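Observations on the model geometry
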Amino acid sequence: MKKAIIIIPTYNEKGNIAQTVGSLGNVFKEIKNWEMKILVVDDSSPDGTSEFVTELQKKFKFLELLINKKKSGLGGAYLSGMNHAFNKLSADLVFEFDADLSHDPKKIPAFLAKIDQGNDMVLGSRYIEGGSIPENWGFHRKFLSIVGNLFINFLMLDFSIRDWTTGFRAIKKEVYLVVEKEMHSELFSGYTFQIGFLHKTLRKGFKIAEVPFEFKDRVVGNSKIGPEYIKNTLLYLMRVRIKEILKMRVVRFAMVGAFGAMVQLIALQLWRLVFSGEQIFVLANFLSIETAIISNFIWSNLWTFKDRKLEAKQIPLSFLTFNLSSGGSILVQTAIAAFTSNVIGLIPIFTVPLINFVVDTGTISAVVGIFIGMFWNFFAYNTFIWKKKKN
Ligand SMILES: Nc1nc2c(ncn2[C@@H]2O[C@H](COP(=O)(O)OP(=O)(O)OP(=O)(O)O)[C@@H](O)[C@H]2O)c(=O)[nH]1
Ligand SMILES: [Mg+2]
């Protein structure tokens, strides 16, 4: 039979732990296809939680205790608890569960059913049909929790998960073995552990499901977290998302291109200082384009296509090809402009108020040309210059 262990981190939960263990025990009686255990991970609470748990162990045979000498935060407690559960107690599945009766033990069979259906992680969700947060929460707390989670949906561009910050979770051993390796940073010792673990699980492609539950406020003992939880969670995710977006090749390509346009404008002013006079404006213009091309080439090689960086001996020929492809882009744009002016004609469409800028078919065709030129360049870079390395 497979084994599931409910991990309960505790810090000063003497007043809650007996009732929590008792009600979990009642639910265990109804579970037939999983062997159920509880592992309390106590950070040597000054209120004597661990001594009390040792007493309870006489009555509850399924109750295990792990004591950490130092208070190591929620993440630290879960890491040591998961290590103990999977490696010492041979668990196949662990639950994250609070000691303060906020999580509904009766929902555990529903979590197990989702795991049996092939999910790798199950989240207890307050924001799907059947779930809820306490009515008596103040406006501020409700707002932070609901809007915070909604904001995460948009930040992640992922609407499949509704409760990203829940502390009621089931995690399979397969997930732990992959994700745990990346969780040993100081950053994850506290409550950021939760969002970090979930984000990494998602990115490794594991299947995640949700089960609704009604969150109950703690009655006994003190809360260990403040409103900085949601703030730290959001800050962490924003940092991670910026990194993810900056890793996308198209985004780097667009940024290098935009920077190149700036280089070109500045270079034009500088070259005009060197080659003064109306006649050689064309030369200064040409040199500014070439300056931008050099900048684009360098940044593409060092950043956009870092993973396919050219060897020194490839650079001369590649730089020539790069110039030709940029020429190709200019050619495409010129052809579109010629088509517009000769076939369609330059017809005004509307005027932008305040600056009185007339948008005509020529403006539209320039925008279209820039986009097609960009597509062409991105295609050419990928296929002719920074080819995918064969391995
Ligand atoms: N071992 C250990 N447990 C902790 C630590 N910090 C919090 N916990 C436990 O983690 C669980 C969740 O903490 P809570 O303070 O209830 O946090 P919360 O449920 O988000 O906040 P409330 O709704 O105010 O209760 C509880 O069982 C705490 O005792 C810690 O540093 N070490
Ligand atoms: Mg709580």
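Since this is a predicted model, take the numbers as computed values, not measurements. (Residues numbered from 1 in each chain as written. Chains lettered and ligands numbered in written order. Predicted model: local features only at pLDDT ≥ 70, side-chain atom pairs only at ≥ 80, totals over all residues. Heavy atoms only, no water.)

Turning to the pattern of salt bridges, a few remarks are in order. Per the stated rule, a full pass over the model turns up 16 salt bridges. Notably, a salt bridge pairs E13 with R218, separated by 3.0 Å at the nearest N-O pair. Here E13 is found in the loop between β1 (2-10) and α1 (14-28), whereas its partner R218 is found in the loop between β7 (208-212) and α8 (228-247), with 205 residues between them in sequence. Note on accessibility: E13 and R218 belong to one class, buried. Within this structure, E13, D100, R218 and K224 form a network of salt bridges that share partners. (Salt bridge = Lys/Arg side-chain N within 4 Å of Asp/Glu carboxyl O. Helix = DSSP H or I, 4+ residues; strand = E, 2+ residues; numbered from the N terminus. Buried < 20%, exposed > 50% of the residue type's maximum accessible area, 1.4 Å probe, protein only.)

Domain assignment breaks the chain into domain 1 (2-246) and domain 2 (249-385). Computed from C-alpha atoms alone, the centre-to-centre distance between domain 1 and domain 2 is 52 Å. (Domains from an automatic or database assignment.)

On to the environment of E244, then. With respect to the secondary-structure elements, E244 resides in helix α8. Among residues more than four places away in sequence, those in contact with E244 are H199 and R203. A polar contact of 2.6 Å, which involves the side chain of E244, links it to the side chain of R241. (Contact = heavy atoms within 4.5 Å. Polar contact = N/O pair within 3.5 Å; in protein donor to acceptor, adjacent residues only side chain to side chain.)

Taken in spatial order, the seven strands of this open sheet run β3-β2-β1-β4-β6-β5-β7, and their pairing is mixed. The strands lining the two open edges of the sheet, one partner per strand, are β3 (63-67) and β7. Neighbour-to-neighbour, the strand axes of the sheet open up by a mean angle of 20 degrees, direction not taken into account. For strand β5 (residues 121-125) and β7, the ladder comprises five bridges, and the chain directions are parallel. Paired with G124 across the strands is V211, a residue of β7. (Pairing = 2+ DSSP bridges. Axes fitted to C-alpha atoms, helices over the stretch in contact; angles between N-to-C directions.)

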